[in-house]
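Report on the structure
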Amino acid sequence: MLIAVLGGLGAALCWTCSTICASSSSRKIGPSSTLSWVMSLGMGFIIVPLLVAGNPDELSTRTALLLVIAGLTNVIGLRIQYVCYTRAPVGIVAAVASTEGVIAAVIAAVFGEPIQGITIWLLLVITIGVILAAATRDEPAGGSEVRGRIRLDAIGLLALVAVLYGVTLFTTAKAGNSVPLIWVLVPARLFGTLMFTAPLVVTRSLRVTKSTFWLGMAAGLAEVLGILCFAFGARKNIAISAVLAAQFAAITPFVAFALFKERLHKHQIIGIGIVIIGVTAVSVVAG
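Residues numbered from 1 in each chain as written. Predicted model: local features only at pLDDT ≥ 70, side-chain atom pairs only at ≥ 80, totals over all residues. Heavy atoms only, no water.

1. A look at the overall build of the protein
Within the protein, the secondary structure is distributed over 13 helices and zero strands. Written out in order from the N terminus, the α and β elements of the protein read α-α-α-α-α-α-α-α-α-α-α-α-α. In the protein, buried positions account for 48% of the 287 residues. In the protein, of all internal contacts separated by at least 6 residues, the share reaching a separation of at least 24 is 91%. Total accessible area computed for the protein in this model is approximately 13,600 Å², and 71% of it derives from carbon and sulfur atoms. (Helix = DSSP H or I, 4+ residues; strand = E, 2+ residues; numbered from the N terminus. Buried < 20%, exposed > 50% of the residue type's maximum accessible area, 1.4 Å probe, protein only. Contact = heavy atoms within 4.5 Å. Areas by Shrake-Rupley, 256 points an atom, 1.4 Å probe, with all protein chains shown as cover.)

Okay, structure coming up:
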């Protein structure tokens, strides 16, 4: 039980760090450059463990396909999420992204895994929370574009991020049963390096400052450690680890307020709260 708690809390703290660092970097050097540094530096962190773990004993075509899908959906989701950081408050982005587990549960149900009736009602509650969190109103001129406001074009992007992450979780879970854990981390970082870092380097468009380099390194390391912490805790109790890991959506708005002075409307705070409670309830029911 203690291992599950520590693993879940560790994942929540790591993903909060990754969210804050990546959002700050995205607003300074842009989403593409930020993702390039996060993925390429993250790849650097796992090279040595990857060599130690060695190749999987058996890598079937099905498992390889699952890893490819997991990698592509993860890196594309991150790219869109980093764009959303420049168009919406970090707390709202984190809240919507935290529904990835719920989306994964729905996908699993579509592919034949049973889903309880109460889960369907919880999905409706979470949907209401997302709508409240994304709802916005006009503010006086001169206010910060990302303080308490969400651009309308970000709403659809946030929904797409949640779906992509849901696919990532589902395919990662399926593939993780057949390969060493460290191999699950490879596809997204490999695709991110090839799809984003390499073209920016070739065209000399890769942007960086001293501060954003360290932010990218911190975000890349936090992403890797977060996944490892969650997997470590889930070996003892998936439900407890999932519940605690999802709380990064509850921690992030407070950190964003302290660092970025992001203020949310009351209905947005209520919406985030509903999402967090709904995601937690779904995790408990699923466990």
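2. As for helix H9 (residues 186–202)
Three- or four-residue spacings in an α-helix give side chains the same orientation, since the helix completes a turn every 3.6 residues. For H9, built from 17 residues, the straight-helix expectation of 24 Å at 1.5 Å per residue is met to within 8% by its first-to-last C-alpha distance of 23 Å. Within H9, the axis deviates most sharply at Thr193, by approximately 35 degrees. All of the buried residues along H9 are Val186, Pro187, Ala188, Arg189, Gly192, Phe196, Thr197 and Leu200. Two residues or fewer after H9 comes Arg204, characterised by a positive phi angle close to 55 degrees. (Expected span 1.5 Å × (residues − 1). Bend = angle between axes of the 7 residues up to and from the residue.)

3. Concerning the packing of helix H4 (residues 90–97) against helix H12 (residues 248–260)
Contact geometry of H4 with H12 gives a least axis separation of 8 Å together with a crossing angle of 170 degrees. Here H12 runs roughly antiparallel to H4, going by the angle between their axes. From H4, Val90, Gly91, Ala94 and Ala95 reach across to H12, where they touch Phe248, Ala249, Thr252, Pro253, Ala256 and Phe260. Among the residues making up the contact of H4 with H12, the classes are represented as eight nonpolar, two polar and no charged. (Axes fitted to C-alpha atoms, helices over the stretch in contact; angles between N-to-C directions. Parallel < 35°, antiparallel > 145°, perpendicular 65-115°, else oblique. Nonpolar A, V, L, I, M, F, W, Y, C, P; charged D, E, K, R; others polar.)

4. What about the packing of helix H1 (residues 2–29) against H12?
Contact geometry for H1 and H12: axes closest at 9 Å, N-to-C directions at 40 degrees. Put simply, H1 runs oblique to H12. Crossing of H1 over H12 shows right-handed handedness. Across the interface between the two elements, Ala12, Leu13, Trp15, Thr16, Thr19, Ile20, Ser23, Ser24 and Arg27 from H1 touch Phe248, Ile251, Thr252, Val255, Ala256, Leu259 and Phe260 from H12. Here the contact of H1 with H12 is composed, by residue class, of ten nonpolar, five polar and one charged. (Left-handed = near helix turned anticlockwise from the far one by under 90°.)

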